[in-house]
Structures are given as structure tokens and as C-alpha cells.
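# Notes for the structure review
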Amino acid sequence: MASGMNFPHAELTPNAEQATDHGAAELAQRSVRVRASDVSVFYGAKQALFDVSVDIPDRAVTAFIGPSGCGKSTFLRCINRMNDTIEGARVGGKIELDGEDIYDPSLDVVELRARVGMVFQKPNPFPKSIFENVAYGPRIHGLIRTKAEAEEVVVSSLRKAGLFNEVKDRLHEPGTGLSGGQQQRLCIARAIAVGPEVILMDEPCSALDPIATAIIEELIDELRENYTIIIVTHSMQQAARVSQKTAFFHLGNLVEEGPTDKIFTNPEDKRTQDYITGRFG
Amino acid sequence: MNTLIITALILAFLGIAYQTGSSRSRALAGTSGRRLHSRPSYHGSAIAIWTLVPLLLLLGAWALLDSYVIRTFITWYLPESLVAEGGNALRASIARVEALATGYGVVGEVQEFERTAAQAVGRFQTTAFLIVVAAATTLAALGLFYARKRITPQFRARNEVEGAVRILLLACSVVAILTTFGIVASLLTEAMRFFSFVNPLDFFFGTVWNPRFSTTGAGGGGEYGLIPLLWGTIQITIIAILTAVPIGLMAAVYLSQYAKPRVRSVVKPLIEVLAGIPTIVYGFFALVTVGPFLASFGDAIGVDIRATSALTAGIVMGVMIIPFISSLSDDIIRQVPTAMRDGSLGLGATKSETIRRVILPAALPGIVGAILLAVSRAIGETMIVVLAAGNSPVLRFNPFEPTSTITVSIVNQLTGDSDFAGPQSLVAFALGLTLFVLTLVLNVGALYIVRRFREQYD
Ligand SMILES: Nc1ncnc2c1ncn2[C@@H]1O[C@H](COP(=O)(O)OP(=O)(O)OP(=O)(O)O)[C@@H](O)[C@H]1O
Ligand SMILES: [Mg+2]
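Per chain, residue numbering runs from 1 following the sequence as it is written. As a convention, the first chain written is A and the first ligand written is 1, with the rest following in written order. Local features in this predicted model are restricted to residues whose pLDDT is 70 or higher, and side-chain atom pairs enter the listing and the counts only when it is 80 or higher, whereas totals over whole chains, interfaces and linings include all residues. The basis for the side-chain values is all heavy atoms of the structure; hydrogens and waters are excluded.

### Some words on the sheet that holds strand β5 (residues 100-101) of chain A
Residues and elements named next belong to chain A. To be explicit about the condition: For two strands to count as paired, DSSP must find a minimum of two bridges between them. For helices the rule is a DSSP run of H or I covering at least 4 residues; for strands it is a run of E covering at least 2, with both sets numbered from the N terminus onward. Here a residue-residue contact requires only that any non-hydrogen atoms of the pair lie within 4.5 Å. The axes used here are C-alpha line fits, helices contributing only the stretch in contact, and every angle between their N-to-C directions lies in the interval 0 to 180 degrees.
Sheet architecture is open: four strands sit in the order β2-β1-β4-β5, paired in antiparallel fashion. Edge positions in the sheet fall to β2 (46-57) and β5, since each has one partner strand and no second. Against the sheet, helix α3 (residues 72-79) contacts β1 (32-43), β2 and β4 (89-97), and its axis sits at roughly 120° relative to β1.

Printed below as a string of C-alpha cells:
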């Protein structure tokens, strides 16, 4: 986070330009996958999110940035209805996935969550073996039947998350025995093993070293071909590197959203400008 | 009176010692200008320990020796013939003198020698008390002066106090362990006496239980085969577990995962009421309601079920232990981090899949513990079985027939006139030992299961 703060605005350009140039072009031809209109969230009497409206483009990476506690995770959890599990949380407004209201009473939440996968902010591996952690999702959805199939899914998911080489000799040891960063990658592997259409990632690289971060960013770039990805990050460089669209949150409000290159080079709002240049956090 | 004086003595020394320690250390710090190693309160506590420990040790020693010394003293005043005779007469006489000395009346004529003895005892007790108090005061004062002299700014009073606290805590756990050993030892010695009457092989492997009560005192007669009782216990426990575990566990899952907080706050105490019902009431319930119901139900489906049977006792016992399983498991399940639940739900698992595959496995060690607690309750349970199982210590494999258990047999052997001289009553200790070993094995087994299948979370 500190590195993101200190990052001088000008230095963004080489990377950012490269990514965003084709990003902006790409963005123009993408249809809208998720559309949020006037979404508000209350935790009990306390309002955490105020009338957020944003379109998430298909087969692209959208980054949510903003200071701690501004409601990024809260909004992310709305998109696969994980807020339902929080006692006293209420969601107002409308969120559509492929034009379908996901808060419609007739919608099957379980099916929604299979389509919209999530990597949580805090790594939360199950107290099972590494193998079983990854195989869990595919198993409950009946995607794997034989042992060989399970093996294949587990190995390829772990490989994509850049974890396989580190754990290939201990697949049957508990996932909770891994280091924090390894657990984070295990949770990513677990989420992509189900093959969701939309992937929500809440600070997936917060505990990773630069090498592992690079692997995850590569994975995100790869997944972008076929999936819709939303990533919450505190690293400006990361947002600039991997995303095509960026949304800036502040105190529960969506301040500004647009193509990543525009947000980083030519923000409209003073607050956005201050944030990305590290003037406040 | 005496207790009052001693309490006052202890409190006075506590106050003086603590005050001395803290003010002296403060003063020292002031004059020498050096930083105290320990805060004044630790110096106070250290002195208090040095003052009170000798005092309490002395008083404790006196409390232990007191009655022995006085009894010896009394015998000096009793007629020689009585002392020489010893036994019950001597004991009764000593008791009479003690009663007189404390001012209680005694039955019958008070004899002259008893009166003098009682007066002498009275005087002796007063003197002894004064001596003890004086000695205790001296000891405490010595301790206080010794400890006071040791106070210097660098004196490590904190470490000393911590050490004393550690010893105190250690002593408490040693007491708990020693009690267990004491119980086992007494069970063992008495059981050994039993095995001098009955061959252990006949006891452990005998299939007939028929301990005829012989009025002619000690001596054989009767068969002491453990197997029918052991089987009865196991049978009833298994039936109880089969009743209680599914119901209790599902209630726990409902309470922890499905019930709204308001519902939970009503339902949980209601279930816990079950645990508060006296077991004898469960016994009535089994005898009057459940037994006849099962019998008529058996009639209806053409199975011969007796009203008092292993089944009746087992089911009612199962109902009794439901709250142990449901309440404890509810607490344990709720301790599984919500992040774990969210992880599963976030992958598109349903609520019941999440419970079955993530939450219950994570809570398993605790749940096994809860079940084990319930099982040991069931194994030790007596009243329900006395009333509902038919008290028939015969080896039968049909749960619809009457049976009996180890605990019930212990009760049977010990009620009435038992003199602990013959195998009829001594067998109770052998049974008790068996019960003890049984629960021990269960505990060790459960520990093993928990270690083996634990799914750790943090
Ligand atoms: N379960 C909850 N109950 C009550 N309030 C909550 C809950 N979760 C979040 N909040 C509140 O909602 C606001 C937004 O929280 P959120 O977790 O969305 O922030 P965030 O932007 O993800 O922050 P960070 O970058 O630190 O993760 C905060 O003020 C937080 O205190
Ligand atoms: Mg967050």
C-alpha cells in the first residue's frame, strides 16, 4: 500500500500507457456484464455504501480502488450476494448480471455464486488438505467424477495460481499449514477451479511477494480473455497494470469511474487526483 | 471464638506485612535514589508471603494433630482397665469426655473420672490454643523481620511473588491429580480384597451374575460374572447414543446455522431444561409412559417388546443426554470462523453442503468431546436403569428384553446391611473399577479419534 501511495504520478506512464492503450480500445467493444444501479448497503443502521451505479464490462478487468474502509469489499460482496450471510446487512438498489436482476426472489443464490466466484480479502482455506481445498468446488457442482479428473482440475488450478511447484509434494497436507501468501494463492486456485464466469478478487495480492504477484497478474491477464474480473487493490501500479476500467470509491461513494488510462492520467475529480498521486489515503 | 481470633491474627499480619513491604520499599527508593527493581506492591506481597506461609503451616499442622493429641491426653485420666481393654469401649469413653469438655450433655450418669478428665481437657485446650497462637505470632513476626531486612532497591520481589503464585497453582493441580489417585487406590485395594474371594477370571469372563445374599456372613455362594452387566451397560448406552446423537446434533445445527437469534434465545434454554430434570423423574417417565407405549407399539407391529427393557431405558437415557450434545455442539459449531462458511458459500455450495462438508468437519473434535461427555453421563447413569430396565442381570442379546447394568448392580449390592467383609458387598468395588476403566478407555479412544481426524483451523 505504501508503495502505491508514494508512487509519483508521472512514473505510471510507461506501464500504464501500454496497458491502457489497448485497454481503452478493448473497453469500447465490450458489452456490459454486470450493471449496478443506485446500490446502497446498510449494516444495521449504519450506511456503508451510497447509491453506487457502475457498469462492469465483459471480458475485461475492472479495478476498485480507494482508501481503507470506503466500501470496496462491501460493494464486491453485493455482486455475488455474500452480504446475505451478514446479520443485519441490507442491500438497496439493483444489480443485474447479463440483464438479470440478481436480487430477484426467484433467482437461485447458489447458482449465482457458482457463476460469480470470489476470492476473499482474508485467505480462508478450509481445514482440509490442499488437494481437497481445490477439489471442493468442482466436487459439489458435480464437475469431477473420477479421481483422474479431480487430479487434473486440482493440478491445473494450482498451476494457474502459481502455487503448484511449491506444494506438489504436499498436496495431502492441510491447506491451513501454508504461509499467508500461499494460502492466498490456494484460495485463488480454489475459486478458479469451479470455472466461474465472473471472478471477484478482494486484494488477491496483499500478502504476496513481487514474483507471486507477477504470476497472479499474469493469470488475471490470461483469465480476461474469457472471464469478467473485478479486482480490489490498494496498489496503484497494479490497478494500472492489470485493469482496463477503474472505479474510485471514497467514504461509501463511487467518486469516479472510467477507463483506467483516463482515471490515472486525467481524473476529473479532485479527490481521485489526490488519491492516485498519494496525497491522502 | 477461636476461629475468630485466628482469622483476626491472619488478617492483621497480612495488613501489617503488606504495608511494611510497600512503604519500606518506597522509602528506600526515595532515599537511595535508585530505581526499584519491583514495584512496591510486589515488595508488599513478598513480605506477606514470608509472614503468612509459616503462620499458616503451623496452624495447619496443629489442625491435623489437634484431635490426636487431645485423645492421648484424655487416656491419661481414664481408668487403666479401660485403656488396657481398648476397642469400642475406650472410643466411646473418649467421645463422652470430649462431649463433656465442649459443654454438650451426655447420655446417662456422668462418672467422677469423666468429670475430672473433661475439666482437665478444657484447661489443656485453652493452654494449647494460647501456645499455638503465641508460636504462630512469633513465627510470623520472624518471617516479617527476615523479609523486611531483605528489601533493597534491587531485590527481585516480583520474581519471588511470581514463583510463589506458580507453586500455589501447581499445588492446586496436584490436589486434583492426587484425588484421582486416591480414588483409584482405594478402589484397587478393595477390589483386591474381592479378588481374594473370587477368581478374577471368573469375574471378568463369567457369564452368570447371581450374588446370593448369604446371611451367614463372609464366604462363597453366588456367582459374580461381569459379562451380563457389562453387556447390559453397553447395550443401553448404545441405544441412548443412537437416540441422542442424531437428534442432538441436528438440533445443534439448527440452533447454530438456521435459527434466528431470537428463536435461538428461546429454544436453547428450553432444550437445556431437559438436563435439569432429576433422573428419577426420567425413571418414572420411562416406567409409566415410554415403557407401556413401546410395549403396545410392539404389539401393534407384532414384535414382543417388554415394558421394562433395555430399549425403554436406552431411549429415555438418550432423551436425557440430548441437551449435553445439542448445547455443547451448538457452542462449538458457532466457534467455527464465519470466513470458513463464507468461503464455501462463495464457491456456490448450498447451506447444507457447507454444514456437512466444512462446518461439521471443522467442529468435529469438539463434537466428539461433547458426545463423549454425554456417553460418560449415560454409562454412569443409574436411576433410569433401576426403574426402566427391569433389573434382570441375565445375558440376553435382545434389546426388547429386560436387562441390568453395572451401576444398578452396585446399588443392589450396597443397599441394605453391608459390612464390606464378604464378596457380596466388596464386588461393588470391582464393578466400580471396571466402570472407571471403561470410561478411561473411552476417553483415550476419543482423544485418539480427535487427533486423527482433526481438521485444524485458525
Ligand atoms: N459486517 C459488517 N458489519 C458492520 N459494518 C461493516 C461490516 N463490514 C464492513 N463494515 C463497514 O462498512 C464500511 C466499508 O467496509 P469495507 O469492508 O467495504 O471497506 P473496504 O473498502 O473493503 O476497506 P479495506 O480496504 O480496508 O478492505 C466500513 O466502515 C466498515 O466498518
Ligand atoms: Mg476490503
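Now, onward.
### Considering the pattern of salt bridges
Residues and elements named next belong to chain A. Applied cut-off: Here, a salt bridge means any side-chain nitrogen of Lys or Arg that lies within 4 Å of a carboxyl oxygen of Asp or Glu. For every residue, the accessible area (1.4 Å probe, protein chains only) is compared with the maximum for its type, and the residue is labelled buried under 20%, exposed over 50%, or partly exposed between those bounds.
Considering all chains together, one arrives at 28 salt bridges over all chains under this definition. One salt bridge in this structure joins Arg-33 and Asp-58, with 3.4 Å as the shortest N-O distance. Taken together, the residues Arg-33 in strand β1 and Asp-58 in the loop between β2 and β3 (61-65) connect sequence positions 25 residues apart. Residue class for Arg-33 comes out buried when judged on its relative accessible area of 13%. With a relative accessible area of 12%, Asp-58 lands in the buried category. With a closest N to O distance of 3.2 Å, Asp-221 and Arg-224 form a salt bridge. Taken together, the shared-partner salt bridges in this structure form one network comprising Arg-33, Asp-58, Arg-59, Asp-98, Arg-115 and Glu-197.

### As for the coordination of the magnesium ion (ligand 2)
All names here are of chain A. Convention followed: Water is absent from the atoms considered, so a metal site may look incomplete; donors are defined as N, O and S atoms within 2.8 Å of the metal, or 3.2 Å for Na, K and Ca.
Taken together, Ser-73 (OG) and Gln-121 (OE1) make up the protein donors of the magnesium ion (ligand 2), found 1.9 to 2.2 Å from the metal. Of this pair, Ser-73 sits in helix α3 while Gln-121 is found in the loop between β6 (116-119) and α5 (130-140), placing the two residues 48 residues apart along the sequence. Take Ser-73: its relative accessible area is 16%, and that puts it in the buried class. With relative accessibility at 36%, the residue Gln-121 sits in the partly exposed group.

### What about the confidence of the model for chain A?
Formally: Per-residue confidence from the predictor is reported as pLDDT, a score between 0 and 100.
Chain-level pLDDT for chain A is 87 on average; 90% of the residues reach the 70-or-more range. When the criterion is pLDDT under 50, residues 1-20 of chain A qualifies, and its contacts beyond four places in sequence or with other chains add up to 28 contacts.

### Side note on the site of ligand 1
Residues and elements named next belong to chain A. Rules: We call a residue near a molecule or strand whenever a single non-hydrogen atom of that residue lies within 4 Å of it. Any pair of N or O atoms that falls within 3.5 Å is considered a polar contact. Within protein, one atom must be able to donate a hydrogen and the other to accept it, and sequence-neighbouring residues count only if both atoms are side-chain atoms. The Shrake-Rupley method, run with a 1.4 Å probe sphere, supplies the accessible areas, and residue values consider only the shown protein chains as cover. In the scheme used here, Gly and all other residues not listed as nonpolar or charged are polar, with Ala, Val, Leu, Ile, Met, Phe, Trp, Tyr, Cys and Pro taken as nonpolar and Asp, Glu, Lys and Arg as charged.
The immediate surroundings of ligand 1 are formed by 15 residues, with Ser-68, Gly-69, Lys-72, Ser-73 and Thr-74 found nearest. Contact between ligand 1 and Lys-46: an oxygen atom at 3.1 Å from a side-chain N or O atom of the residue. In the environment of ligand 1, an oxygen atom lies 2.7 Å from a nitrogen or oxygen atom belonging to the side chain of Lys-72. About the coverage of ligand 1: the protein hides 67% of its 630 Å² of free accessible area. Tallying contributions element by element places α3 first for the shell around ligand 1, with four residues. The class makeup of the residues in the shell around ligand 1 is four nonpolar, seven polar and four charged.

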